[in-house]
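Report on the structure
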Amino acid sequence: MAPNVSFGSVPASAISLSLGPGNWYWRGTEYTYADNLSKVCNRHSMKAGFHWDYYRAVAMDTRAQWRGAFSFARDTNNPFDANHGFANALLGNFASYTELSRRVLKDTVLNVIEFYVQDNWRVTSRLTLDLGLRTASQPPEYDRGRGAAHFNPRYYELGKSPALYVPALDGSRQRVGMDPVSGLLVPAALIGMFVPNTGDPANGSRVGGVDGYPRGLFTRTWIFLAPRFGFAYDLFGTGKTAVRGGFGIFYDTADANSFETSVGNPPISYIPVQYYGSIDTMATSTGFLGPSTMSNQAGIGSLPLPMTMNYSLGIQHQTVANMVFDIAYVGSQFRHILGTREINPIAMYARFDPKNADPTRPGNPLPDNFLRPYLGYGSITPYEMTRTSNYNSLQTALNRRFAKGLQFGVSYTFSKVLGATGISPYFPVRQRTYGLMGHDRTHVFVANYTYELPRIGQKLGSRPLCWILDNWRLSGITSFVSGAPFTPGFTTTDGQDITGSSEVLVYRLPAPPNPT
């Protein structure tokens, strides 16, 4: 397969040639088995059942560098640069070349197994109970070829990661990279890359299913219990006033992509880079490795399933003939929502600390990868089941059943939806990101109506008028809904770094460290 090619500015617009994914395929298989049993015994209506889903997906690695990528862009640090992207390409002199060390075939499997038992029990003529229990079992997804890996801080060892080329000045005061161990100078493009043969480039990473490590990279409780309870009670025994309530726990299937993004991570494969070489000699040259960015990797440790708790309590009363009034409290709690969090951030104000200054560029800090707690890695954002939200509402409704050609209903809901819209690596959720969710609508009023227009033709005894004027119905739905929450924003026009970290905007910042 031909590699992708880019030429940089020639001289004003970036030009590139991408031949698409090529040789890519995806094949999915799903098997479902379900069985249910029902039995009615006196005052009990009982049901029980079983459901099993088996998913398997096979796909080729789609990371951009699998086919190779040449850059012939101009680079003043390239000793072979012809000062023109097309000229560099004609001469065969590239600024950089990247290619995956191994293209991985994803072959992932996921099982979802559920049981349930429930009973609708008419205790008395005035009281009915609904009792149930559902179990959910979803072992972590895994790769049949053991091609998934992720970073786990538990296995990271200080001092075991490779050394990084640091910025330095050569004899002519030009910025270059330097091996901090031997003092060997290299081109500036290698600053922040690994010094070869100085450590483990996958320090702290583990492969699923190897050396006793969980094949799904994380673990999960084998079974989750989801009880259900509901009741309906005729309050006065007249059949006109009912009290209803219920509680239930529900589990969701976690996003499968939260595992598949870990297929091909180091040490399964790497993305070495060659700088300032020639097409004639590239096959005999080796590339340099740098800190890996582990974006959206599989979770770490033991992860639960996303869970919802629903509950309600309300009264329904028939006021006059054909009119029913409802009022209820309805709430939900959402727990263990899937999200990601940065676990390898630079410290707050790290870029302002004089000890982190770049000695070759006064007034500038070292690149972020020199300042991270897990040296040898870039950004690490594992999936977590840590986000939460909640919904609380007062719901009222008045409905008139269809009679004398008229039916209508009006309802009003006052509610609030609160939750965490993101997770900061620096601040507690409730301090930084907890608040109204984007789908919160505080006030919702809805009216629906259906009215059969008088049959004028029938009343006048005229069949032609019946064809034209009779059997018409007027209906509609009218809604008044308050708007979405407004979130004020703040940006600086000059892109000034105000936190010295990866946090874009921070409230109630602590004082920066004293430079002395």
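For the structure itself, consult the block above.
Quick look at the structure, then.

1. Details of the pattern of salt bridges
- In the structure shown here, the tally under the stated rule is nine salt bridges.
- Residue R134 pairs with E114 through a salt bridge whose shortest N-O separation is 3.2 Å. With R134 in strand β8 (residues 127–137) and E114 in strand β7 (residues 105–122), the pair connects residues that are 20 residues apart, well separated along the chain.
- Linking D358 and R361 is a salt bridge whose minimum nitrogen-to-oxygen distance equals 3.4 Å.
- By relative accessible area, which is 3% here, D358 ends up buried.
- For R361, a relative accessible area of 36% puts it in the partly exposed group.
- Taken together, the shared-partner salt bridges connect R56, D107 and R144 into one network.

2. Comments concerning the sheet that holds strand β11 (residues 166–169)
- The strand order β11-β12-β13 describes an open sheet built from three strands, whose pairing is antiparallel. Either end of the sheet is taken by a strand with one partner, and the two such strands are β11 and β13 (185–186).
- In the sheet, β11 pairs with strand β12 (residues 175–178) via four bridges, with the strands oriented antiparallel. For P167, the partnering residue across the bridge sits in β12 and is G177.

3. Side note on unusual backbone geometry
- P266 connects to P267 through a cis peptide bond whose omega is 10°.
- For N42, which is not a glycine, the phi torsion comes out positive at approximately 55°.
- Tracing the chain through its elements places N42 in the loop between β3 (26–41) and β4 (44–60).
- Assessed through its relative accessible area of 76%, N42 is described here as exposed.
- Although it is not a glycine, R146 sits at a positive phi angle of roughly 55°.
- Position of R146 among the secondary structure elements: in the loop between β9 (142–143) and β10 (149–151).

Conventions and cut-offs
Residues numbered from 1 in each chain as written. Predicted model: local features only at pLDDT ≥ 70, side-chain atom pairs only at ≥ 80, totals over all residues. Heavy atoms only, no water. Salt bridge = Lys/Arg side-chain N within 4 Å of Asp/Glu carboxyl O. Helix = DSSP H or I, 4+ residues; strand = E, 2+ residues; numbered from the N terminus. Buried < 20%, exposed > 50% of the residue type's maximum accessible area, 1.4 Å probe, protein only. Pairing = 2+ DSSP bridges.

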